[in-house]
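What follows is the residue order along each chain.
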Amino acid sequence: QVQLVESGGGLVQAGGSLRLSCVASGRPSSSYAMAWFRQAPGKEREFVARISTLGVMIDYADSVQGRFTISRDNAKNTCSLQGNSLKPEDTAVYYCAAGESTGWRGRIKRDYDYWGQGTQVTVSS
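The structure contained in this document is the topic of the report that follows.

Rules and cut-offs
- Throughout this document, residue positions are counted from 1 along each chain, in the order its sequence is written.
- Note on the predicted model: pLDDT of at least 70 is required for a residue's local features to be given, and 80 or more for side-chain atom pairs to be given and counted; whole-chain, interface and lining totals, by contrast, use all residues.
- Side-chain figures throughout are based on the complete set of non-hydrogen atoms in the structure, without hydrogens or water.
- Aromatic pairing here means that ring centres of Phe, Tyr or Trp (its six-membered ring) are within 6.5 Å. Orientation follows from the plane angle: under 30 degrees is stacked, over 60 is edge-to-face, and everything else is tilted.
- Labels follow the DSSP assignment, with helices taken as runs of H or I lasting at least four residues and strands as runs of E lasting at least two, numbered in each case from the N terminus.
- Here the term buried applies to any residue with accessible area under 20% of the maximum for its type, exposed to any over 50%, and partly exposed to those in between, with areas from a 1.4 Å probe on protein chains only.
- Each ring is checked for a lysine NZ or an arginine CZ that lies within 6 Å of its centre and within 35 degrees of its normal; such an atom marks a charge sitting over the ring.
- To define a nonpolar core, start from buried Ala, Val, Leu, Ile, Met, Phe, Trp, Tyr and Cys residues and group those joined through side-chain atoms within 4.5 Å.
- Here, residues are in contact when the closest pair of their heavy atoms is within 4.5 Å.
- When DSSP finds two or more bridges between two strands, those strands count as paired.
- Salt bridge, as used here: a side-chain nitrogen of Lys or Arg that lies within 4 Å of a carboxyl oxygen of Asp or Glu.

## Points about the packing of aromatic side chains
Two measures describe an aromatic ring pair: the distance that separates the ring centres and the angle between the ring planes.
Step number 1: In the structure shown here, the tally under the stated rule is four aromatic pairs.
Step number 2: Taking 5.6 Å as the distance between ring centres and 70 degrees as the angle between the ring planes, the aromatic pair formed by Phe 37 and Tyr 112 counts as edge-to-face. One end of the pair, Phe 37, is in strand β4 (residues 32-39); the other, Tyr 112, is in the loop between β9 (92-100) and β10 (114-115), with 75 residues separating them in the sequence. The same class applies to Phe 37 as to Tyr 112, namely buried.
Step number 3: A ring pair is formed by Tyr 112 and Trp 115, whose centres lie 6.4 Å apart and whose planes are at 75 degrees; its orientation type is edge-to-face.
Step number 4: We classify Tyr 112 as buried; its relative accessible area is 5%.
Step number 5: Taken together, Phe 37, Phe 47, Tyr 112 and Trp 115 form an aromatic cluster joined through their ring pairs.
Step number 6: Lying over the aromatic face of Tyr 95, Arg 45 brings its terminal NZ or CZ to 3.7 Å of the ring centre.
Step number 7: Taking the ring centre of Trp 115 as reference, the NZ or CZ of Arg 45 above it sits at 5.0 Å.

Structure representation (structure tokens):
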């Protein structure tokens, strides 16, 4: 079992930046791949970024490519998502997710076994 807690959300103006953090506990960080998803009110949860167990493989959704950066620090059991040049369309609850893996998991929700409670990001225009 893995427990995940997100933090770092808030209100920013369009063009601004935010850094989200996720702290994991319960199992060694090297035993699971991680990802970030987001969900706007009334919409489905969508993939944002993923990272392999050791941080070698990284993948982003087209909507955030070039603006967001995912990283992890296994020694500290953390995974971060840096968002730059934020747009109103980025407004959503952002969720950290973990999936049991020897490498990495995919872009779909069911690839991930554990989820955090989410942190709200609001980008004003």
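## Overview of the nonpolar core
Step number 1: By size, the foremost hydrophobic cluster in this structure holds 33 residues, and its most contacted members are Leu 4, Met 34, Trp 36, Val 48, Ile 70, Leu 81 and Tyr 94.
Step number 2: Going through the elements one at a time, β3 (18-25), β4, β5 (46-51), β7 (68-73), β8 (78-83), β9 and β11 (119-124) are the ones with two or more residues in this core.
Step number 3: Not counting residues up to four positions away in its chain, the partners in contact with Met 34 are Leu 4, Cys 22, Arg 50, Ile 51, Arg 72, Cys 79, Cys 96, Ala 97, Ala 98 and Tyr 112.

## Concerning the pairing of strand β1 (residues 3-7)
Step number 1: Residue alternation in β1 divides its side chains into a buried set, Leu 4 and Glu 6, and an unburied set, Gln 3, Val 5 and Ser 7.
Step number 2: Bridge count for β1 against β3 is five bridges, and the pairing is antiparallel. By the bridge assignment for β3, Gln 3 is matched with Ser 25.

## What about the pattern of salt bridges?
Step number 1: Across all of its chains, the model carries eight salt bridges by this definition.
Step number 2: Of the charged contacts, one joins Asp 59 and Arg 50 as a salt bridge, the two residues approaching to 2.9 Å between their closest N and O atoms. Arg 50 shares its class with Asp 59; the two are buried.
Step number 3: A salt bridge links Asp 111 to Arg 105, with the shortest nitrogen-to-oxygen separation between them at 3.5 Å.

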